[in-house]
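# Structural characterization, general
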Amino acid sequence: MRLITHNMLSCNIKGVANGFPLLIEAGKVIEKEVDFNPDFLRHMFAKIEWKALVEGARSMGYAELPEDSPDATVLDSDESFLKKLHHALLELHLEEGALVCPETGRKFPVNKGIPNMLLHEDEV
């Protein structure tokens, strides 16, 4: 599971008000090379919840992103930043581990890179 996917997932258990961002318990993290596409990154930047991305990247062992979201002008002037963003969003993969609801502590397993977000009957 890539961090771009993690940035879009939340806990949907009935009654949960604070289900985003899911915490990451990393068991196995792998890196898969992906072609660098700065236009895609510029387009996605506004859609990314920055704090969740930084926390997710750090929990997977990647601490190269700045704590605070940079100004969008950096996207046109700093290729180094774009490459760090690219690596975090698209090349880091959570292969094994769990996503944890920040409110309930419910763990959603991640196996072979696929998060299982199915709810139990009493959670619907």
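Preceding this paragraph is the structure being described.
The model shown is predicted, which means the values in this text are computed figures rather than measured ones. (Residues numbered from 1 in each chain as written. Predicted model: local features only at pLDDT ≥ 70, side-chain atom pairs only at ≥ 80, totals over all residues. Heavy atoms only, no water.)

### Remarks on helix 3 (residues 50–59)
As a reminder of what qualifies: The rule is simple: take the accessible area with a 1.4 Å probe, protein chains only, and divide by the maximum for that residue type; under 20% is buried, over 50% is exposed, in between is partly exposed. Helix and strand labels come from DSSP, where a helix needs a run of H or I of at least four residues and a strand needs a run of E of at least two; each type is numbered from the N terminus. We call two residues in contact when some of their heavy atoms are within 4.5 Å.
Of the positions making up helix 3, those classed as buried are Trp 50, Ala 52, Leu 53, Val 54, Gly 56 and Ala 57. In this structure, the buried residues of helix 3 make contact with helix 1 (3–6), strand 1 (23–31), helix 2 (38–45) and helix 5 (79–91). Just downstream of helix 3 lies Gly 61, where phi reads positive at about 90°.

### A look at the side chain of His 86
Condition: What qualifies as a polar contact is a pair of N or O atoms within 3.5 Å, subject to a donor-acceptor requirement within protein and to the restriction that residues adjacent in sequence count only when both atoms come from side chains.
Within the element layout of this structure, His 86 appears in helix 5. Here the side chain of His 86 touches Glu 91 through a polar contact of 3.2 Å, side chain to side chain. If sequence neighbours within four positions are ignored, His 86 has contacts with Val 34, Asp 35, Phe 36, Leu 41 and Glu 91.

### Things to note about the nonpolar core
Heads up, the condition is: Grouping buried Ala, Val, Leu, Ile, Met, Phe, Trp, Tyr and Cys residues that are joined through side-chain atoms within 4.5 Å yields what is termed a nonpolar core.
In terms of nonpolar packing, the biggest core is built from 34 residues, with Trp 50, Leu 53, Leu 65, Leu 85, Leu 89 and Leu 99 touching the most fellow members. Of all the secondary-structure elements, those providing two or more residues to this core are helix 1, helix 2, helix 3, helix 4 (74–77), helix 5, strand 2 (92–100) and strand 3 (107–111). Considering every element that reaches this core, the biggest residue donor is helix 5, with six residues. Sequence-distant contacts of Leu 65, that is, excluding residues within four places in its chain, are made with Trp 50, Leu 53, Val 54, Ala 57, Arg 58, Lys 84, Leu 85 and Ala 88.

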